[in-house]
Every structure is written in structure tokens, then in C-alpha cells.
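Observations on the model geometry
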2 protein chains.
Amino acid sequence: MNKSSLCPRFEKAMSLLSQRWTGLIIHQLLEGPQRFCTVETSISISGRVLSERLKDLEQQGIVIRNVYPETPVRIEYSLSDKGYALAPVLHEIENWAEHWVEIDDTGK
Amino acid sequence: MNKSSLCPRFEKAMSLLSQRWTGLIIHQLLEGPQRFCTVETSISISGRVLSERLKDLEQQGIVIRNVYPETPVRIEYSLSDKGYALAPVLHEIENWAEHWVEIDDTGK
DNA sequence: TCATTAACTTACTTTATGTAAGTAACTATA
DNA sequence: TATAGTTACTTACATAAAGTAAGTTAATGA
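So, a few notes on the structure that sits alongside this text. Nothing here was measured: the structure is a model prediction, and the numbers come from that model. (Residues numbered from 1 in each chain as written. Chains lettered and ligands numbered in written order. Predicted model: local features only at pLDDT ≥ 70, side-chain atom pairs only at ≥ 80, totals over all residues. Heavy atoms only, no water.)

1. Looking at the sheet that holds strand β2 (residues 63–68) of chain A
All names here are of chain A. The three strands are arranged β1-β3-β2 in an open sheet whose pairing can be described as antiparallel. Bordering the open sheet on either side are β1 (34–35) and β2, each of which pairs with just one other strand. As judged from the six bridges shared by β2 and strand β3 (residues 74–79), these two strands associate in the antiparallel manner. Across the sheet, Y68 pairs through a bridge with R74, a residue of β3. Helix α2 (residues 22–29) contacts β1, β2 and β3 of the sheet and is inclined by roughly 100 degrees relative to β3. (Pairing = 2+ DSSP bridges. Helix = DSSP H or I, 4+ residues; strand = E, 2+ residues; numbered from the N terminus. Contact = heavy atoms within 4.5 Å. Axes fitted to C-alpha atoms, helices over the stretch in contact; angles between N-to-C directions.)

2. Focus: the relation of the copies chain B and chain A
One copy of the chain maps onto the other through a rotation about an axis followed by a shift along the same axis. Between chain B and chain A, which share one sequence, the superposing operator has a rotation angle of 180 degrees and an axial displacement of 0.0 Å; the RMSD is 0.0 Å. One copy is carried onto the other by what is essentially a two-fold rotation axis. Relative to the rotation axis, the closest C-alpha in chain B is found at B:S18, a distance of 2.0 Å. (Least-squares fit on C-alpha atoms with pLDDT ≥ 70 in both.)

3. Examining the protein's contact with DNA strand C
Taken together, 20 residues lie near DNA strand C, and A:R48, A:R53, A:T71, B:R65 and B:Y77 sit nearest. In DNA strand C, atoms within 4 Å of the protein come from the sugar-phosphate backbone in 71% of cases. A distance of 3.1 Å separates a base nitrogen of DNA strand C from a polar side-chain atom of A:R48. Contact distances for DNA strand C include 3.2 Å between a sugar or linking oxygen and a side-chain N or O atom of B:R35. Those elements that provide at least two residues to the surface near DNA strand C are α4 (47–59) of chain A together with α3 (36–43), α4 (47–59) and β3 (74–79) of chain B. (Near = heavy atom within 4 Å. Polar contact = N/O pair within 3.5 Å; in protein donor to acceptor, adjacent residues only side chain to side chain.)

The following block contains the structure:
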């Protein structure tokens, strides 16, 4: 009654990457470690969801959370090796977008 | 107040690909033209959403809808060039999944 | 006329996301 | 000592997206 041939690893990867914001968060962190508010404003995600996503991604070993007990406390999020390994995926998307995506002025 | 550097084409591509099911639908159609019910059962998506997605993808020139007036009518969905151009993206995801995704027995 | 089949729609429920205000922990300033 | 500022979150509530299941349409064969 369920799907036939789908590789469960691939399926899991897809369900991760097809969550809203996940790809953009990783793309953002590819530029280097960043704090919560930086990511929040650079991709205009809501704090509620960003918090949720970072927790997920940390739990899956894709994102690493570093705490610097300065004043006020500084927390930086960065990518693990597993996270950096997603760079080719993002680059292929960029590549496709360059070649095939048109921008319509009618807003989004 | 909005994001800074995000390329609008990339952003559009991401908002497409980070919709639930979109990636799996395209992955499925990479195997060749298929009818509605085939896609529906092979990725276990609800008909309501599949119908919605196929309409979207058709409108964006990624999917092509072909009608064969047989009995009962046969409708096949296939990928356009723009759609096939997404193959490298899906392959990179498969590649990443093979190397980095572990399957936990605790269900999904 | 009734049943069958595929491709959708529609109505309704559940889940995910957005918005905005609130909290915790710390420090600099009055 | 009290007040306000800073960052990283939470919480409560509203809206949007997705799931479920039943219904519709169109063509044909029994």
C-alpha cells in the first residue's frame, strides 16, 4: 500500500530538504558561522520557526551550536561536515536557477 | 528590511523545491511519463495535493500534461527540458543521502 | 440502465507556519 | 538599587497548507 522503490535514505533526505526554510538556512550557513539574529534577518524567517529548524538540524548532526559566554551571550551556528556536504546540492540548485528560472515582475 | 544578498532566481527555485512533495514528484517523473494514479501511489501523496502540485509545475513549465483520449481517458505527466534539468539536483541529494543519512529503526 | 475507470473536486479536519508579545540571563548606566 | 538594553529564545494565538474521504465528470461496456 506504500511506495515501491524509494530508497529510505533518499526519502529521509527529501523530507528534510523539502521542509520550508531548511535549504535557505543551510545556504546561509555555508557562508560561515552565524548567530541566530543574523540568520533570522538575512532570510526573513520567523524566530519561532528558525528556532525549531535549528533544533532539528542540530539533532540531525547538520548544524553545530556554539555558545560563547560573552556579554551578552553569543551563540553561533555552523555547519558540520554533514552539513557542508550539502554544498553541491545547493550549488546545483543555483545553477538550475540561473539557467531556467525567470523572474516575473508581478510579484512572487 | 528584507534579505540582503539572496539572488531572486535562487530564492524562487528554493521556494519551489522546498514545497513538500515537489522534489519527489520530479524524481518520480525522471523515470519517464506517468499517469496521475501512478505518481499518487508511488510516493503516497494525497490526490488533493498532487493535483495542486502538478498544476503548479505545469504552469511553471516544468511538467507537461498530455491527454490521450482513450477509454477511459489516459493522462500522462512528463518533464519538460526545464524539468529534466533538475536531474543533477536530485542526484546530488541521492549522493548526499547515501553518504550521510542514517536510518533509525524508531520509525520516521 | 447500471457499473467501471481515471482524474479530479469539494468539504472538512489536522498540522505547519506567521505574528507579536513575553521571558531569562546578564550588564551598563543613572 | 533601579532601569533599560541585548540576545536568544518561548508562548499564545491566527492563518495557511496538507491530509482524509466522499463526490463529480466523462466515456464506455455489460
